[in-house]
Structure formats: C-alpha cells, structure tokens
Amino acid sequence: MTLAEERAIIGALSPSRAGDFMTCPLLYRFRVIDQLPERPSAAAVRGTLVHAVLERLYDLPAEARTVAAAQDLLEPQWRRLLAEEPDYAGLFEDDGERDAWLAQARGMVERYFTLEDPQRLEPAEREMYVEVVLDSGLLLRGYIDRLDVAPTGEMRVVDYKTGTAPGREWEAKALFQMKFYALALWRRGGQVPRMLQLMYLGNGEIVRYVPDEADLRATERKVEALWAAIERAVRTREWRARRSRLCDWCDHQALCPEFGGTPPPVPDREPGLSARVSRRSASDEL
C-alpha cells in the first residue's frame, strides 16, 4: 500500500519548501502554487555537480577513493549534467569562465578530503529518499545526502554544502533542515539519529549537532505550524512578501511588491502531492 492509501494526507513538505515559506511566503507561492520558472545559477549547478561526484566516489572500492579519483569524476559528471540539462551550457560567457567554475568545483572536491577520509567509511545510504506521514496527516519527504550507520546501530545524517558555513544568525536555519530529516527518520523507524553533520565545502568547516526526542518533537510542532500557515495562505489567497538579504538571489523581484512589482493573480492550484521532491534544490547553495 502507498502512504496515501494507508492514511489520509493533508499535505506534503520538504525541507527546501518549508525553508521557502519561512524565508518568504510569496517565494513559496511563486515556486509551489504558480510554479514559475527560475534560471539555474552557476553556484547551484556547481553544488549539483559536487554532490554527484561525492555520491559516485563511494561506488569505488575503499582503497581507490583518492583525491585524484574524485577529480577524474568531475568531467564525466559535468557532461552527464549537460546532456540532461543542455541549458546549463548558457551559464558561462566563454570557455575561460567555465574552466574557472570547474576549478572551483575541483577545489571543493579536494577540500572534502581534508574533512574526512572516505577510505574509512562505508555509507549505509547515499541520496536516500525518505518520506513519512505524521499523525497529523502531514507528509514529510526529502533526499538525505548520506546516512552512516555504525556497527552498533547509531545513525549519522550527513549533508554536503557547497557554500560557506553560516554565521550564528543563520546556523539555526541550516540545522532546521537536518532536524527535519532526523524527524522523518525517527517517525519512520523509531530511532533518533545520533549525530547531524553539515559539511561546508566552501570553507572546510563542519557543524555537528546531537539531537534528542525533545528537539524532534519541537521540530514536528514547527513543521505542523508551518503547514497550518500555508493552508491559511491558500484559503485567504494572501501570500506576504518578506524582505531579507536572500532577496539578492531571487528570480522574482520584478513580481514582488517589495521591489515595486505586482504578483500575477493566484492560480487555482494547491500544493500537490503527486511528484517527489527535486533531488537538489538551488537553496542548498545559500
């Protein structure tokens, strides 16, 4: 039986879409309700490329997981991404700009090896899709970059970030994503992950957090309150814009009242449940 057949589902949230609503309800509307197209950014596509390399690195035998082997994966993975999304070729003005971009990706891959030794790791899961329905009927779903499981059963949730480690004012937002995953794993299997680990390949920092049941219950209340706010916005058709520094990266300024724009009429569409969440969100880079 599918989850929908087992229990009536009131809606679905991923960490990225929950983050959108917390950042700016109007951004959530543009992405989920209006489904407006967005231009791929070089930074976000670089994140996709680096994630693909690190995922496939663990296909190699442990002794073969070297810096050189990881670097050798970059060009084939870039060609694969181009074949899947030909528009990515338009990200660069010329070959020199593209080569500089690839060099930055190469540096992030090399920096990964300064943070841990992949020859000593055997991840239980990579790019793991997880979904669970809470007692409220809210479906949580998303992709976990890596799940490590110790011989004694403890779980470590690992997420690669190709940006730099955030300041204290943004750290809680980054950890919310990890607590979201921990909540989904806990409610699905009954076990609280032992460690949540964010690896920032932009500057070589690691943020670790040890969750407990109280943390995850609080996260559950937060995501349910977020969904209640989303339902209210759907019902009232009021999607407020919230200005922040993240507006600098938004594709929709021309339609935003904060920048003198006028949003289009709200379409008769509600947040859908049919499609799985995208494997890599542009917001992962920010």
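All values reported here derive from a predicted model rather than from experimental measurement.

J.: Outline the confidence of the model for the chain, supporting the account with residue identities and numerical values.
T.: Confidence in the prediction for the chain averages 91 pLDDT; 92% of positions are at 70 or higher. Overall, residues 280-286 carries pLDDT values under 50, and its contacts beyond four positions in sequence, including any with other chains, amount to 19 contacts.

J.: Report on the nonpolar core, specifying residues and quantitative values.
T.: With 46 residues, the main nonpolar core has Leu13, Leu140, Val157, Leu185, Val223 and Trp239 as its most contacted residues. At the level of elements, helix H2 (15-23), helix H3 (25-33), strand E2 (125-133), strand E3 (138-149), strand E4 (155-161), helix H7 (168-189), strand E5 (195-200) and helix H8 (213-236) are the ones that each hand at least two residues to this core. In terms of residues, this core owes the most to one element, H7, which gives eleven residues. Among residues more than four places away in sequence, those in contact with Leu140 are Leu13, Val130, Glu131, Val132, Leu134, Phe180, Leu183 and Val223.

J.: Hey, could you go over helix H5 (residues 67-84) for me, with residue numbers and the actual values?
T.: Compared with the 26 Å implied by 1.5 Å per residue over 18 residues, the 26 Å span of H5 between its first and last C-alpha is a close match. Within H5 the residues assigned to the buried category are Ala69, Ala70, Gln71, Leu73, Leu74, Gln77, Trp78 and Leu81. Turning to H5, the residues buried within the fold contact helix H4 (42-57) and helix H6 (95-115).

J.: Summarise H3; cite the residues concerned and give the values.
T.: Most of H3 sits out of view: eight of its nine residues are buried. Taken together, the buried positions of H3 are Pro25, Leu26, Leu27, Tyr28, Arg29, Phe30, Val32 and Ile33. Here the buried face of H3 lies against H2 and H8. In the segment just after H3, Gln35 is the residue with positive phi, at about 55 degrees.

J.: A description of the environment of Pro151 should follow, citing residues and the corresponding values.
T.: One can find Pro151 in the loop between E3 and E4. Counting along the chain gives 106 residues from Pro151 to Pro257, while the straight-line C-alpha distance between them is 54 Å.

J.: Just give me the short version of the pairing of E2, but keep the residues and values in it.
T.: With eight bridges joining them, E2 and E3 adopt antiparallel strand pairing. In the strand pairing of E3, Glu131 is matched with Arg141. Linking E2 to E3, which pair antiparallel, is a turn of four residues; within it Gly137 sits at a positive phi near 95 degrees.

J.: Break down unusual backbone geometry for me, with residues and values.
T.: The residue Gln35 is not glycine, and still its phi comes out positive at about 55 degrees. Mapped onto the secondary structure, Gln35 falls in the loop between H3 and H4. Notably, Arg237 is not glycine yet its phi reads approximately 60 degrees, a positive angle. Within the element layout of this structure, Arg237 appears in the segment after H8. Its relative accessible area of 42% is what places Arg237 among the partly exposed residues.

J.: Please provide a residue-by-residue account of the packing of aromatic side chains, values included.
T.: One pass over the structure, following the stated rule, counts ten aromatic pairs. Ring plane angle 55 degrees and centroid distance 5.0 Å describe the contact between Phe92 and Trp101, whose orientation is recorded as tilted. For Phe92, a relative accessible area of 12% puts it in the buried group. Aromatic ring contacts, followed pair by pair, group Phe21, Tyr28 and Trp239 into a single cluster. Here Arg187 stacks its cationic end above the ring of Trp186, 4.1 Å away from the centre of that ring. Here the basic side chain of Arg243 rests over the ring of Phe259, its NZ or CZ set 4.1 Å away from the ring centre.

Each value, and the rule that gives it
Residues numbered from 1 in each chain as written. Predicted model: local features only at pLDDT ≥ 70, side-chain atom pairs only at ≥ 80, totals over all residues. Heavy atoms only, no water. pLDDT = per-residue confidence, 0-100. Contact = heavy atoms within 4.5 Å. Core = buried A, V, L, I, M, F, W, Y, C linked by side-chain atoms within 4.5 Å. Buried < 20%, exposed > 50% of the residue type's maximum accessible area, 1.4 Å probe, protein only. Helix = DSSP H or I, 4+ residues; strand = E, 2+ residues; numbered from the N terminus. Expected span 1.5 Å × (residues − 1). Pairing = 2+ DSSP bridges. Phe/Tyr/Trp six-rings, centres within 6.5 Å; stacked < 30°, edge-to-face > 60°. Lys NZ or Arg CZ within 6 Å of the ring centre and 35° of its normal.

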